[in-house]
Each structure stands twice: as C-alpha cells, then as structure tokens.
Amino acid sequence: MLTLMKPGIDEYAQSKSEPTSALLNSLERETHSKMAHWQMLTGRLEGRFLKMMVQISGAKNVLEIGMFTGYSALSMAEGLPVGGTVTTCDIDADCIKFAKEFFARSEHGHKITVMEGPALDLLKKLEGPFDLVFIDADKPNYLNYYEAILPKLKSGAVILVDNVLWSGHVLDDQITDENTKAIVAFNDFVARDERVDRVLLTIRDGVFMLRKR
Ligand SMILES: C[S@@+](CC[C@H](N)C(=O)[O-])C[C@H]1O[C@@H](n2cnc3c(N)ncnc32)[C@H](O)[C@@H]1O
C-alpha cells in the first residue's frame, strides 16, 4: 500500500491555508487553557474547510449539532453572506456561556443562534430547510441525527459529519466501545444509503461529506 501522508503534513496544510482571525485564535487558546476536553475543538484546518464549504455551497441556513466553545460555528458564520444564519446547539451550559462571550465580540456573531438542550429534542422544533449541516455531538446518536435531519433538507443540501475515522479505531475489530461501534455502524449505513451522494474525507479525524439527492 502506498503511504502518501508523512508526519507534519497536517501542519503544512494548515500553514498554506487561509489564516484564521485573531478572535478565533484567542477562542482556541482559551479553550485549551480553560476547558477539560479542549481536544474536541475542530481546529484551524477543519475550521477553514467548514468556512469554505459554506462559501462554495452558497449556504444561507446552516445547522450545527454540537457547538462546544463555538469554534466551528464561528468559522461557518464567517463564510455566510449577509442575512445568513447558523443555528447551533449544545447541552453544556458552561460551553454555551463561553461561546456566547466570543460571538458577542465577533462581527459575525449576530448570525449565530444558540439553543440549549439535547439535540434530538431541539431538532423536533426546527423546521428547516437547512442548506448545510455539521454533525459533531455524541457519537451514539449520529444515526438518529442523520435520520432526523434528512427530511429537513432540500435536494442538493450538504451534511458534514465529524470524527468518522475516530482516531483510526474504525479499522480495529478489537475496539468495541460504544462510540467506536456507533461510528462504524453509522459509516456502514451511510455507505449504502442511496438517498445521498457520499465521500469520506481524511481531514483531521475524518469528515463524511454527504449531499442529499
Ligand atoms: C466534539 S464537541 C463539538 C466541537 C465543536 N463543533 C467545535 O468545533 O469546537 C461535541 C459537543 O457536543 C455536545 N453534546 C453532547 N451530547 C449532546 C446532545 N445530546 N445534544 C447536544 N449537544 C450535545 C457536547 O457538550 C460537546 O460540547
């Protein structure tokens, strides 16, 4: 098997991508210093990818499942046109407080609406249609989120699903914890789902890019 990736490639890709704003850099730094699970933040390369996806898809209404400290929500808001919206959610009140402080300091913050509570409950209240959805919350619910979201999308809308390689655990049959099993089951299901066009990208921890047919 040809191995194309060398150590340091992610950093190289990041260094050649559009620089991030001072505010996003500060959000990232504070997340690292103040939040126990700082590694959940998507980071610079994937953040630029999300912004680019919003731009090239022409999305106006974006939905995010799993906001954490707001890095991905703010990255996507940067890519929206005037009048565009990001609706995002989280169950953690501390994360919401943290993120809102940064949104208030951003010229794009007014585009973001934050909802607090379990995403599956909130999804019942949201009609859509959404143009682009980023799924990045609890892994055992990935398939439930997917099925709840698909009817709220028009043909051509995009779904991006994060962490679908799960640090490479998807390749290891010996790893059978709940999160790994859920991601493997999600990937297997989507790989056969004719309702979507699909490509699994190896950006960071893996992003499944889906387009509703
Ligand atoms: C991986 S982090 C999201 C990272 C974020 N997208 C970013 O780029 O910084 C996952 C988030 O999902 C939230 N979460 C977990 N279960 C949830 C649920 N049932 N409903 C909504 N949010 C949930 C967690 O509190 C956590 O903040």
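Refer to the structure printed above.
In this report, we go over the structure that sits alongside the text.

How each quantity is defined
- Residues numbered from 1 in each chain as written.
- Predicted model: local features only at pLDDT ≥ 70, side-chain atom pairs only at ≥ 80, totals over all residues.
- Heavy atoms only, no water.
- Helix = DSSP H or I, 4+ residues; strand = E, 2+ residues; numbered from the N terminus.
- Buried < 20%, exposed > 50% of the residue type's maximum accessible area, 1.4 Å probe, protein only.
- Contact = heavy atoms within 4.5 Å.
- 1 Å grid on protein atoms, 1.4 Å probe; cavity = no way out; pocket = protein on both sides within 12 Å on 5 of 7 lines; lining within 4 Å.
- Points joined across faces, edges and corners; volume = space filled by probe spheres on them.
- Pairing = 2+ DSSP bridges.
- Right-handed = clockwise from strand over helix to strand, strands pointing away.
- Near = heavy atom within 4 Å.
- Polar contact = N/O pair within 3.5 Å; in protein donor to acceptor, adjacent residues only side chain to side chain.
- Areas by Shrake-Rupley, 256 points an atom, 1.4 Å probe, with all protein chains shown as cover.
- Nonpolar A, V, L, I, M, F, W, Y, C, P; charged D, E, K, R; others polar.

## A look at the overall build of the protein chain
Step number 1: Helix and strand content of the protein chain: eight helices and seven strands.
Step number 2: Here the C-alpha coordinates of the protein chain stretch approximately 45 × 40 × 30 Å along the principal axes.
Step number 3: A burial count over the protein chain gives 48% of its 213 residues as buried.
Step number 4: At a minimum sequence separation of 6, the contacts of the protein chain that also span at least 24 residues come to 70%.

## Overview of the layout of surface pockets
Over the atoms rolls a probe the size of a water molecule, and its path tells where empty space is left.
Step number 1: Its volume calculated, the largest pocket comes out at about 810 Å³.
Step number 2: Along its surface, the largest pocket is lined by 35 residues, and Met40, Phe68, Asp136, Ala137 and Asp138 are the ones closest to its centre.
Step number 3: Only α4 (71–79), β2 (85–90) and α5 (93–104) provide two or more residues apiece to the lining of the largest pocket.

## Side note on the pairing of strand β4 (residues 130–135)
Step number 1: Buried residues dominate β4, accounting for five of its six residues.
Step number 2: As judged from the four bridges shared by strand β1 (residues 61–65) and β4, these two strands associate in the parallel manner. In the sheet register, Val62 faces β4, and the bridge partner there is Leu132.
Step number 3: As defined by bridge partners, β4 adjoins strand β5 (residues 153–162) across five bridges and the pair is classed as parallel. Residue pairing in the sheet places Leu132 in a bridge with Val158 of β5.
Step number 4: One crossover worth recording links β4 to the parallel β5 by way of helix α7 (residues 142–149), and it is right-handed.

## Things to note about the site of the ligand
Step number 1: Surveying the vicinity of the ligand reveals 20 residues, the closest of which are Thr42, Ser72, Asp90, Ala119 and Asp136.
Step number 2: Here Asp136 contributes a side-chain N or O atom positioned 2.8 Å from a nitrogen atom of the ligand.
Step number 3: Residue Asp138 places a side-chain N or O atom 3.4 Å away from a nitrogen atom belonging to the ligand.
Step number 4: Compared with its free state, where it exposes 610 Å², the ligand has 90% of that area covered by protein.
Step number 5: Per-class residue counts for the shell around the ligand are eleven nonpolar, four polar and five charged.

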